[in-house]
Each structure stands twice: as C-alpha cells, then as structure tokens.
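Chain by chain, the residues run as shown.
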Amino acid sequence: MNTTSFKIDTIQRGQQVRRFSPFMLALALFCLASVLLAPYAQAAAEPVQIPLEINQALRGDGSATPPEATFTYHLTAQSPAAPLPEGSSADGYAFTMTGNAQTSIAPINFVRPGIYTYELYCDPATEPGFIADTQVYTIEMYVTSDLRIYAVVTLSDGNKTSDIRFIQSYSARASDPAIMVDPPVQKIVKGNPPHASMFTFQLKAKDPSSPMPAGSVDGVKMLTIIGSGEKEFGVWSYTKEGVYSYAISEVDTGIKGYTYDMVIYTITDTVKAQDGQLVVERAVTDNTGKRTEVCTFTNHYSALGTIPIVGGILPKTGDLLRLLPYMGFLALALFVIGMFLLLGRRAKRSRA
C-alpha cells in the first residue's frame, strides 16, 4: 500500500467515526436513562410496604394490679413527602392499644427512593392512676433506588434501638383514713366496785408489718379505759392492695374481784383499687363470726371475788388462790355462828 492510499483509508475511517459518534452517544444516554428510571417505573407499579411493630406494657409500683387501660398513639411525618398509612389525617396517623399488647400499625407504601422521617409518641394518660410514657421515637426510612427499605429508630436521647416499646406506669393512691370505719371498744362493768378500775385492751395485727394506727409497736397497740366507757384505737392508711387481719381483745391484768371478758373480735380489711384509689371494705366479727359495729367487753365485779361458772368453765387456778382469804373468813364466820348455836342449845337444856 502506498502512502496516498493509507491516508485515504485513514480519512475514510475517521469520517466513519465522526459520522456514527452522535448515534452512539444517544444510545448510551438512552441506556443510562433506562437504568435510572427503571426503579421508578417498577415502584409506580408495585409500591413496597413496611409495617411498624409497637409494644405496650403496663407497669405498677406494687400498690395494685394495673387495670386494662387504653392509650392513644400518633405517628407524624417530619419529611414533607413522607407517606403515611392508610386512614391518616392531616395531623398524622392515630391508633390505640389496650393493656399489655403488641401491634403492627397499618403499612406505609413507598413509591420512590428517598429518606423519610417520622415521629411516634403517646398522648397523656386519661385513665386514673396512670402516667403515660413520654418517650418520642424518631423513625428514619431509607428507601434505595431498587426500593429496598432500611429503618433506623432513635430514642429521645439520641441512642438507637431496635425495640419500639412504651411503658405505662400505674400507681394507686393510698386509702383515705378519714372514711375508715373505726369500731369503738366499749367496756361495761357490772356489780358495785368501790372505785373504778383501769382496764387494758390491745389491737394486734396478724402480720406485724401491716399498717397500724399511730402509737403502735411491732404490730400491737394498747389502750386503757377506766371503769365503764368507750374508746377507739384510731385509723390508718393502706398503700397496697390485699386482705389484712387484726384482733381486738382484753388483757387480763388480774384486778381482784373482776372477771374478764374473753371474747376476741376480728377485723378483716379487704383493700382494692377503684379508679386509681385504694378503697377499704371492713368487716368486724366476734367469736361466733357475727358481724358487729362495736367491740363490747363486759366485766363482772364481786365483793367476795367470786367468779361464776359460766358454760361449765371453772375458775382459773390463780383466781382460786385469790379467793382463799375470803374463803377463810367465810369459814371462820360459819364456825363462830355454829358455836353460838351450839352453846344456845346447851343453855336451853340446862334450864330444862
């Protein structure tokens, strides 16, 4: 090949390149556009969805079992173009949860790539005794060009979490002692004592850790009544649900000439929460289980210190020991009377 021929061929090939270069460029741009627009076309036809799983737990402070309360939640869009679940309003998406529960809110449809931000929070509590969780979750949805979704959940303090959970706190208010029934202790003295004696009574809790009135020691409170009269042990407050039991009895202090009433009264308090308030239902019963409103104790006084046998129950040994001086005086008196009678009969015989 000569030099002229080589130049011609080169020029022809160069012309061919220049002739086809615009076409090749357009083809390349078309292919690139097809690749970039393919996800949008696919997204428009087949939107992807992602559900959000929410957990709710009711937690009490030990005062009472939390009731099945209902709370309202809101999911709001923080990005202008962020889609919301079906059924949302201009203010966002609202839903409720009751008791200890887990739910998935309605799915969100994404039709194009982007970064979408949401906030999830709970309304203030409306049910008595509850304080709503004030946590605000920030949810960021990363949607890729091929419509894959990656969610990042952040707490109010900026830390990330994989668990969306609201803890609703419950605490029942303590019972009101002002409306507690306080059965009086009534002392009745029968007989004619030369002076009024002091009688002692005790209120004793079945469980020493149970609430007690002021002035109690280790689950026991004492009170005294002089002669016949009436007093009360006092009231107290409960801070926890449960059934509480107490006993009221008279203390045998051994005062001479008196018998003591052995009846024991039982107080049973059933404490339950109602509308966030602990309420007390009280029952007072005697030895036979009969309900009463007054704890009555009757003591009998005898100048000779005699104790009548009631229901086949004999006096205690200690009571008999206290009777010995009186029995001695009685025996001496009978002996003297007998001597007088005997001497009188002998005098009559001698005169006859």
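Heads up: the structure comes first, above all this text.
Since the model is a prediction, treat every value here as computed from it, not as a measurement. (Residues numbered from 1 in each chain as written. Predicted model: local features only at pLDDT ≥ 70, side-chain atom pairs only at ≥ 80, totals over all residues. Heavy atoms only, no water.)

Enquirer: Requested: an account of the overall build of the chain, with residues and values cited.
Expert: When helices and strands are tallied, the chain shows two helices and 18 strands. Within the chain, the proportion of its 352 residues that are buried is 30%. Of the roughly 22000 Å² of accessible surface on the chain, a fraction of 58% belongs to carbon and sulfur atoms. (Helix = DSSP H or I, 4+ residues; strand = E, 2+ residues; numbered from the N terminus. Buried < 20%, exposed > 50% of the residue type's maximum accessible area, 1.4 Å probe, protein only. Areas by Shrake-Rupley, 256 points an atom, 1.4 Å probe, with all protein chains shown as cover.)

Enquirer: Break down empty space enclosed by the protein for me, citing the residues and quoting the values.
Expert: Considering all chains together, one arrives at two cavities of 30 Å³ or more under this definition. Quantified by volume, the second largest cavity comes out at close to 30 Å³. Around the second largest cavity, the lining residues are Asp-182, Pro-183, Leu-203, Phe-233, Gly-234, Trp-236, Ile-248, Ile-267 and Arg-282. Its residues assigned to classes, the lining of the second largest cavity shows six nonpolar, one polar and two charged. (1 Å grid on protein atoms, 1.4 Å probe; cavity = no way out; pocket = protein on both sides within 12 Å on 5 of 7 lines; lining within 4 Å. Points joined across faces, edges and corners; volume = space filled by probe spheres on them. Nonpolar A, V, L, I, M, F, W, Y, C, P; charged D, E, K, R; others polar.)

Enquirer: Tell me about the sheet that holds strand S7 (residues 137-143), residues and numbers included.
Expert: Pairing is antiparallel across the open sheet formed by six strands, whose spatial order is S3-S2-S5-S7-S8-S9. The open sheet terminates on both sides in strands that have one partner only, identified here as strand S3 (93-98) and strand S9 (160-161). As judged from the five bridges shared by strand S2 (residues 70-77) and strand S5 (residues 114-122), these two strands associate in the antiparallel manner. In the strand pairing of S5, Ala-77 is matched with Tyr-118. (Pairing = 2+ DSSP bridges.)

Enquirer: Tell me about the packing of aromatic side chains, and name the residues and values.
Expert: Counted by the stated rule, this structure contains 13 aromatic pairs. Arranged with centres 5.3 Å apart and planes meeting at 40°, the rings of Phe-110 and Tyr-116 form a pair that is tilted. As far as the burial class goes, Phe-110 and Tyr-116 line up, both buried. Seen from their ring centres, Tyr-238 and Tyr-244 are 4.5 Å apart, and the 35° between their planes marks the pair as tilted. Taken as a pair, Tyr-238 and Tyr-244 share a single burial class, namely buried. Joined through ring pairs, the aromatic side chains of Tyr-73, Tyr-93, Phe-95, Tyr-137 and Phe-166 make up one cluster. The side chain of Lys-187 reaches across the aromatic face of Phe-199, ending 4.7 Å from its centre. (Phe/Tyr/Trp six-rings, centres within 6.5 Å; stacked < 30°, edge-to-face > 60°. Lys NZ or Arg CZ within 6 Å of the ring centre and 35° of its normal.)

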